[in-house]
Amino acid sequence: MGKSSLVSATAVNPIGDVRRSDLLSWITTTDHKRIGILYLLTSLAYFGIAGILAMLIRTQLARPENTFVTSHEYAQLFTLHGTAMIFLFVAPFALGLANFLIPLQIGAADMAFPRLNATSYWLFFFGGLVVFLGAATNEGAAASGWSAYPPLSEIKVSTGLGQDLWIVGVFLVSVATILTSINFVTTVFIYRAPGMTMWRIPIFTWEMVATSLLIFMAFPSLAATLLLLFVDRHFGGHAFDPAYGGDPVLWQHLFWFFGHPEVYVMILPYFGVISEIIPVFSRKPIFGYTGLVLAAFAIAGLSMGVWAHHMFTTGFVNNPFFSFVSFLIAVPTGVKFFNWIATMWRGSITFETPMLFAIGFLLNFLIGGITGVMISSPPIDYQAHDSYFVVAHFHYVLGGGSLFAIFAALFFWWPKMFGVKLNERLGTWCFWLLFIGFNVTFLPMHFMGIFGMPRRVFTYAAGGPLPILNLIATCGSYVMCVGVLLFVYNAIVSARARDPVPNDPWGANSLEWWTTSPPPEHNFDSLPPIRSERPVYDAR
Amino acid sequence: MTVGLRLFLSSAAFGIVISIAYWFTSREIVGTFLLGVMAFALCFVAGYMIVAEREADLVGDDRDATNASAAGELVGTYTIRSPLPLGAAFAITAVAVGIVISPTIAILALVATLAFGALFIIQSR
């Protein structure tokens, strides 16, 4: 529990060196780098569980009229899969990355509130466990989908303990997320190094400021909504029960007021990751730094005004308003794409694994973005709503987009975190398996949706094009699984090889590459003069 | 005016504008209320920052600052290890789960949460 001044010089061991005696120091740590790594490892573990659930889902759907799981088990599978991917993996992974990177990128010694930071991590950790704990109860886990629409989530339908544990778990995770975002904004505003003005901080840090702002605005709505649902279930409330004057559409308003900004909470940090990686492997400064920052805030702002595009078909919302604002988001997103392509334009591009994943991100996210614009149009949304077309769309955004950026980030910052580089050859194989597997899995889902396959239904009739499309998608998911396992193997092989890496193995630009790999506990022994957004490049 | 303050002021202005625009285009109460609360919260933070910034003099905001500019500055101390976050988070989780499964657990966990809160305060002094 001892306090250490900034001049403490104890180096942090690489993860591969964790000894039993170190375990206590890890679970009591308040060092932002270790908390970041704990966040990353925990969210990857939850991703592993979510991946297994996805494989079970795809196995069930591989054949028509399959009985591998029952309809109720299937509902639990997709509920836990969605919950784990959204609340426990994609968003928290970004928080972990930001925990590790933000103080390093702005030249700070730690986060503004280290103990609050650790508390947030443990709330997230326990919240995730509580969500999964539901699966061990008599009636199984929650089965009302990750969006938990009443009346499905009300006590009349979901009588089991699993739904309550889901509410409690997600509530804890949402509180943890709010606390972490407060920490991020305070750290960036207050703890920047001398000369590190706001217009010199790296794009990733900017994106995390925008993300934190979104979290402030959106997550309280989720927390309040979950409380209302809990009161409905156990304390005689009727907020969502029309028999007593409640309104299920109110849930949709409150939930999607959080839910759509949450999509951007899950994508803005990864825009930042891509903005860090592309310039490094194009050997050029980022094109349009200011434009990228302003586009991030334009996306964040507009995303607060689009929630009801998830509710077009209810007939209770102003479709033209929400359609127009949804279309508008394409403009700043297009600005970002333009800037990334302009950065690569005539650059000396090299195709190391992080760059491969970054390019994979661009290609996949483009498809997800375009189908997003399509379903922003109410006439198309009326046709596609609750079909596999929507499933394909959001998987292209969050799987093809965020997931590829996550792997790009892992390969890019792994040397900084653990002091060893991941194997490039295995990394290239990992990329191609994931890229091919992803597209084989999710591209056919667009056609399934067009042919009328509804989401969240555990089987489908034989005949027509659906059986072959589903079989192709299932094969693709197995290929993706091999790609993920190859990454795990790569991590083990690289940890055993223990080839030390220099401070800056990529020839990168931002401040985290100035310090050792991994950084010491106090982050920096010295800082270079900071006169631009590329201080390490300037100092070379 | 710092970038941070400008950020919150412009966000607050955006919140007010979109709340008004939404009301006049939709006449829908729930959405207007949500946007209004968001705008109010942003105005509150912006107001707080206007007050707080009067005291602010950060080397990070000085374009020409060097390491020497911050030399000798007391930037505080950092707790590098503490069991309190783990204990507090566990206690808070137990309160929440206890409400679902057992009021006794919830009450005991609430006492533990308050104790951890007190320890946080004591350690922060």
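What counts, and where the lines are drawn
- Residues numbered from 1 in each chain as written.
- Chains lettered and ligands numbered in written order.
- Predicted model: local features only at pLDDT ≥ 70, side-chain atom pairs only at ≥ 80, totals over all residues.
- Core = buried A, V, L, I, M, F, W, Y, C linked by C-beta atoms within 7 Å.
- Buried ≥ 20, exposed ≤ 12 C-beta atoms within 10 Å, placed from the backbone.
- Helix = DSSP H or I, 4+ residues; strand = E, 2+ residues; numbered from the N terminus.
- Domains from an automatic or database assignment.
- Contact = placed C-beta atoms within 7 Å.
- Nonpolar A, V, L, I, M, F, W, Y, C, P; charged D, E, K, R; others polar.
- Expected span 1.5 Å × (residues − 1).
- Bend = angle between axes of the 7 residues up to and from the residue.
- pLDDT = per-residue confidence, 0-100.
- Axes fitted to C-alpha atoms, helices over the stretch in contact; angles between N-to-C directions.
- Parallel < 35°, antiparallel > 145°, perpendicular 65-115°, else oblique.
- Left-handed = near helix turned anticlockwise from the far one by under 90°.

### Some points on the nonpolar core
- Membership of the largest hydrophobic core comes to 208 residues, with the highest contact counts inside it found for Leu172, Ile274, Ile277, Ala296 and Ala408 of chain A.
- With 23 residues, helix α3 (residues 71-106) of chain A is the largest single contributor of residues to this core.
- Summarising the domain contributions, this core has at least three residues from each of domain 1 (3-62) and domain 2 (84-124) of chain B.
- Aside from chain neighbours lying at most four places away, what touches isoleucine 277 of chain A is Pro354, Met355, Ala358, Ala408 and Phe412 of chain A.

### Points about the interface of chain B and chain A
- Chain B puts 44 residues into the contact, and the matching count from chain A is 53 residues.
- When residues of the side of chain B that touches chain A are traced back to their parent elements, those giving at least two are α1 (3-26), α2 (29-53), β1 (78-79) and α3 (84-101) of chain B.
- With eleven residues, the top contributor of residues to the side of chain B that touches chain A is α3 of chain B.
- Looking at the side of chain B that touches chain A residue by residue, the classes come out as 26 nonpolar, 13 polar and five charged.

### Looking at the domain arrangement of chain B
- Entries for chain B in the domain assignment read domain 1 (3-62) and domain 2 (84-124).
- Relative placement of domain 1 of chain B and domain 2 of chain B: their C-alpha centres are 34 Å apart.

### Notes on helix α6 (residues 203-234) of chain A
All names here are of chain A.
- Taking 1.5 Å per residue as the helical rise, α6 with its 32 residues ought to reach 46 Å, and the 45 Å between its terminal C-alpha atoms agrees with that figure.
- Along α6, the sharpest kink reaches roughly 35 degrees, centred on phenylalanine 216 and followed within four residues by the proline proline 220.
- Of all 32 residues making up α6, 23 are buried, and the element is well covered by its neighbours.
- Glycine 236 occupies a position one or two residues after α6 and carries a positive phi of about 75 degrees.

### Here we look at the confidence of the model for chain A
Residue and element names in this part refer to chain A.
- When pLDDT is averaged across chain A, the result is 93; 96% of the residues are at 70 or more.
- Per-residue pLDDT, averaged within each element of chain A, yields its smallest value for strand β1 (residues 3-4) (36) and its largest for helix α14 (residues 424-450) (98).
- Residue range residues 1-18 is modelled with pLDDT below 50. Its contacts to residues more than four positions away, or to other chains, number 38 contacts.

### Overview of the packing of helix α4 (residues 114-133) of chain A against α3 of chain B
- For the pair α4 of chain A and α3 of chain B, the least separation of the axes is 8 Å and the interaxial angle reads 40 degrees. One way to sum up the angle between α4 of chain A and α3 of chain B is to call them oblique. The crossing of α4 of chain A and α3 of chain B is right-handed. On α3 of chain B, the residues that touch Arg115, Ala118, Thr119, Trp122, Leu123, Phe126 and Val130 of chain A of α4 of chain A are Leu84, Pro85, Leu86, Ala88, Ala89, Phe90, Ile92, Thr93 and Val97 of chain B.

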